[in-house]
Each structure stands twice: as structure tokens, then as C-alpha cells.
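# Fold and geometry: a report
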Amino acid sequence: MALTLKKVLISDEVDPKCVQILQANGVDVVKDTKLTKEQLIQEIPKYDGLIVRSATKVTADVIAAASNLKIIGRAGTGVDNIDCDAATKKGIIVMNTPGGNTLSAAELTCTMVCVLSRQVPQANDSLRAGRWDRKKFMGSEIFGKTLAIVGLGRIGKEVATRMQSFGMRTIGFDPIIPADVVAEFGVEWMSLEELWPLADYITVHTPLIPKTKNMINAEVFSKCKKGVKIINVARGGIVDEEALLEALNAGICGGAALDVFIQEPPKDFTLVQHPLVVSTPHLGANTTEAQSRVAEEIAQQFVDAMQGKSLFGA
Ligand code: NAD
Ligand code: MLT
């Protein structure tokens, strides 16, 4: 069934390609990235389509006010900022662009493994401050180390193949993707219990769901090698932030790289300011290439829906 879309609101910073594609297909597009929640609730009845990135929270009250809304598009992977249950109950389609930023998120993850191994940001800060601390920044090679990848979907797989080129052993767990499939891209499938004691680095690439909330917790740290390093470029809350801080202070965790946080931006900067932590403000998908791709993909998916083609999302 073809959707009629006359007017679409883009309420977050999305690459201009999105507007261009929609307009070229006869859609009236308004881009307003400054709306407060109250203003969004007031404005939303005028639109039959909405495109967001992360900043706009499409909560149940926004959806309740959206009397004409037929479709919500997320120019990105996770749909955590959209109340999908409320949308579905109202018959509103929710779409995302799950593959558009995979490579960028994978590349940031690999960067994190590298900078953790040599404390590059800390050494840079030290030199900028006028010090020449060669002893303090003794690193370790990545070659021959074991990378445990929890979640072997799109990003997990790309991380695995890239880190194998550094000579890392890649082991991993995914409840859906079986051992023979992950073996094809060089990963040894193991249970979580088998992973923890073998890992020099653990990187998580799962959605944040009840099963993965606080998945890397105090109990897990107690089963890990002393000095294990943790990377989270997936979602804040998969790594228990309190347990991580304790493990860092106790010397159990030898370093952590965080792109995502339970609260974004964080209110408490204790973890971010820890000397063994390297962090970025949710930059996994912040590349010109990924932003161009997700903008194009979400606009094209809207056009496909208008033309009655099959709907896409994950
Ligand atoms: P994906 O759906 O392709 O892969 C996720 C995998 O996690 C799936 O294979 C799934 O089976 C697995 N999984 C689910 N529950 C699990 C569990 N309990 N234990 C282990 N594995 C489990 O998703 P993706 O595109 O690879 O994205 C991974 C994560 O990265 C998502 O949370 C996504 O939102 C996030 N992400 C972050 C950024 C960023 O900017 N930092 C960018 C893109 C994606
Ligand atoms: C995503 O879910 O796509 C990422 O978190 C990146 C983003 O929000 O742009």
C-alpha cells in the first residue's frame, strides 16, 4: 500500500541530501532543529512524516499529539529515542537506517582499541602540558592479544575483521548468530562464561535491552583477566558504569573507551575524567560519509513507502 506523504518535519541535524531527495519527490519539507518538546507537540499535527536523529525524543505524548503522523524515520541505527510501542499502537510506521553508519561505528571502535593500547590521548595531553613522560606511557602491543566481541551483528563483524589484521585473536558471543557463521569471518564463538577469562579487550555491540543492561558488571569483572580493557561504542548502560569505575580504581580494568553513556551528556564526569578512560561524545556515526548515507537512505525509504515499495528497517 502506498503512503501519501505531503508534509515532513525534520527535527534534528540531518545531512541536506535528505531534504533534497524528499523535495525532488514532491514532499513539502520543514527542517526545524530548535523545537522544544512543547513546541514539537504543538507543531506535530501539521505533519504526516517525521525524521529524527538522536536529539528529538519521540515520546508517547508527542505521538499522542501526532494526529496525522503516518511514519517516523530515524537517520541512524538505534530507535531508542522513539516510543515504538506507542507508535505501533497508533498505526505509525517506524523506520531506521541500520547499515548506514556501521563502518563509521566499527572504525571508531577499532580506533579505541588502538588508543587504549598506547594511551594516546593521555600522552597527548601530557605533552601539550609541556611534559616529556616517556616512562609513564609504556603501552602493550595489540598483536597476539584476544578481543572478545559481544554482539556479532553488523558492527561486531566489521570490528572483528579489521582487528584480525592487527594479529588479534577474535572470540565472541551472539545468541542469534551461530558458530559456523561467525567462523566464516574469523571469530571463535563461545559462551559468555568462556569469553571473560580469555579476553584482553572486550567490546560490546548489542542493542540496549533488558538482557544486555549492565551486562558488563562487577561479577563479570571478577572473572576477567587483571587489566582487561573495555570498549563501548554501542549504548550507554550495557557496561555498568559504577562497576567499571570500581574495577578501574581497583586495577582490575586497565582502561576503558566510551563513546556512549547512561546519561548523555553525562551529569557526573567522574568516569570520563578517570586517567584510564578515553571518551568521545557519542561520535560513532559522526562522519561525513555515514551522515550522508543515513540521510539518503531514510529519505529514499520514505519515497519507497510513497511508491508502495516494500518497507525497510531493523
Ligand atoms: P545489529 O543488530 O546488527 O547487531 C546487534 C547484535 O547483538 C545482533 O546480532 C544480536 O543478535 C546481538 N545481541 C542481542 N542480544 C545479545 C546478547 N544478550 N548478547 C550478545 N549479543 C546480543 O546492530 P549493529 O548495527 O551492529 O549495532 C550495534 C549497537 O551499536 C547498537 O546498540 C546500536 O544502536 C549501536 N550503534 C552505536 C553507534 C554510535 O554512534 N556509537 C552507531 C551505530 C550503532
Ligand atoms: C545510532 O543509533 O545510529 C547511533 O547511535 C548514531 C547516532 O545516533 O547518530
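Relevant structure appears above.
Residues numbered from 1 in each chain as written. Chains lettered and ligands numbered in written order. Predicted model: local features only at pLDDT ≥ 70, side-chain atom pairs only at ≥ 80, totals over all residues. Heavy atoms only, no water.

### Comments concerning the site of ligand 2
Every residue lining ligand 2 is accounted for by Arg53, Ser54, Arg74, Gly76, Thr77, Gly78, Asn101, Arg235, His282 and Ala285. Between ligand 2 and the protein, one listed contact pairs an oxygen atom with a backbone N or O atom of Gly78 at 2.8 Å. In this structure, an oxygen atom belonging to ligand 2 sits 2.6 Å away from a side-chain N or O atom of His282. Relative to its unbound accessible area of 260 Å², ligand 2 is 93% covered by the protein chains. Considering only residue class, the shell around ligand 2 consists of one nonpolar, six polar and three charged. (Near = heavy atom within 4 Å. Polar contact = N/O pair within 3.5 Å; in protein donor to acceptor, adjacent residues only side chain to side chain. Areas by Shrake-Rupley, 256 points an atom, 1.4 Å probe, with all protein chains shown as cover. Nonpolar A, V, L, I, M, F, W, Y, C, P; charged D, E, K, R; others polar.)

### With respect to the site of ligand 1
The environment of ligand 1 is made up of 29 residues, and the closest members are Arg154, Ile155, Asp174, Thr206 and Asp259. One of the backbone N or O atoms of Val233 is found 2.9 Å from a nitrogen atom in ligand 1. The contact in question runs from a nitrogen atom of ligand 1 to an N or O atom on the side chain of Asp259, over 2.9 Å. Looking at the shell around ligand 1 residue by residue, the class counts come to 14 nonpolar, ten polar and five charged.

### Quick look at helix α1 (residues 17-24)
All of the buried residues along α1 are Cys18, Val19, Ile21 and Leu22. Down the axis of α1, the sector holding all buried residues measures 165°, keeping them to one side. Summarising the geometry of α1, the exposed residues directed more than 90 degrees from the buried face are Gln20 and Ala24. Residues of α1 that are buried make contact with β1 (7-10), β2 (28-31), β3 (49-52) and α12 (288-306). Backbone geometry just downstream of α1 places Gly26 in the positive-phi region, at approximately 80°. (Buried < 20%, exposed > 50% of the residue type's maximum accessible area, 1.4 Å probe, protein only. Helix = DSSP H or I, 4+ residues; strand = E, 2+ residues; numbered from the N terminus. Arc of directions from axis to C-beta. Contact = heavy atoms within 4.5 Å.)

### As for the side chain of Asp48
Along the chain, Asp48 turns up in the loop between α2 (37-43) and β3. Apart from residues no more than four positions distant in its own chain, Asp48 is found in contact with Thr4, Leu5, Lys6, Lys7, Asn68, Leu69, Lys70 and Ile71.

### What to know about the sheet that holds strand β12 (residues 277-279)
Read across the sheet, seven strands follow the order β8-β7-β6-β9-β10-β11-β12 without closing on themselves; strand pairing throughout is parallel. Looking at which strands have only one partner, the edges of the open sheet turn out to be β8 (188-189) and β12. Pairing of strand β6 (residues 146-150) with strand β7 (residues 169-173) involves five bridges; the strand directions are parallel. Along β7, the bridge assignment pairs Ala148 with Ile171. Its contacts with the sheet place helix α11 (residues 241-249) against β10 (228-232), β11 (253-258) and β12, and it is angled at close to 140° to β11. (Pairing = 2+ DSSP bridges. Axes fitted to C-alpha atoms, helices over the stretch in contact; angles between N-to-C directions.)

### Topic: the pattern of salt bridges
Evaluation of the coordinates by the stated rule reveals 13 salt bridges. Here Lys37 and Asp61 are joined by a salt bridge, their closest N and O atoms 3.0 Å apart. Of this pair, Lys37 sits in helix α2 while Asp61 sits in helix α3 (residues 60-65), placing them 24 residues apart in sequence. Note on Lys37: relative accessible area 36%, which makes it partly exposed. For Asp61, a relative accessible area of 37% puts it in the partly exposed group. Among the salt bridges present, the one from Lys225 reaches Asp200, with a minimum N-O distance of 2.9 Å. Remark: Asp200 occurs in the loop between α9 (192-195) and β9 (201-204) and Lys225 occurs in the loop between α10 (218-223) and β10; sequence separation between them is 25 residues. With relative accessibility at 34%, the residue Lys225 sits in the partly exposed group. In this structure, a network of salt bridges that share partners links the residues Glu193, Glu219 and Lys223. (Salt bridge = Lys/Arg side-chain N within 4 Å of Asp/Glu carboxyl O.)

### Regarding unusual backbone geometry
The omega torsion across Glu264 and Pro265 is -10°, close enough to zero to call that bond cis. Topologically, Pro265 is positioned in the loop between β11 and β12. In the Ramachandran plot, Asn214 falls in the positive-phi region, its phi being about 55° despite a non-glycine side chain. Relative to the helices and strands, Asn214 is located in the loop between β9 and α10. Here Asn214 falls in the partly exposed class, since its relative accessible area comes to 27%. The phi angle at His282 is positive, at roughly 50°, despite the residue not being glycine.

### Some thoughts on the packing of helix α5 (residues 102-118) against helix α7 (residues 154-164)
It is the contact of α5 with α7, at a shortest axis distance of 9 Å, that shows an interaxial angle of 45°. Relative to α7, α5 is oriented oblique. For the pair α5 and α7, the crossing hand works out as right-handed. Every residue of α7 that contacts α5 at Thr102, Leu103, Ala105, Ala106, Glu107, Thr109, Cys110, Val113 and Cys114 is listed here: Arg154, Ile155, Glu158, Val159, Arg162 and Met163. Looking at side-chain class alone, the contact of α5 with α7 contains nine nonpolar, two polar and four charged residues. (Parallel < 35°, antiparallel > 145°, perpendicular 65-115°, else oblique. Left-handed = near helix turned anticlockwise from the far one by under 90°.)

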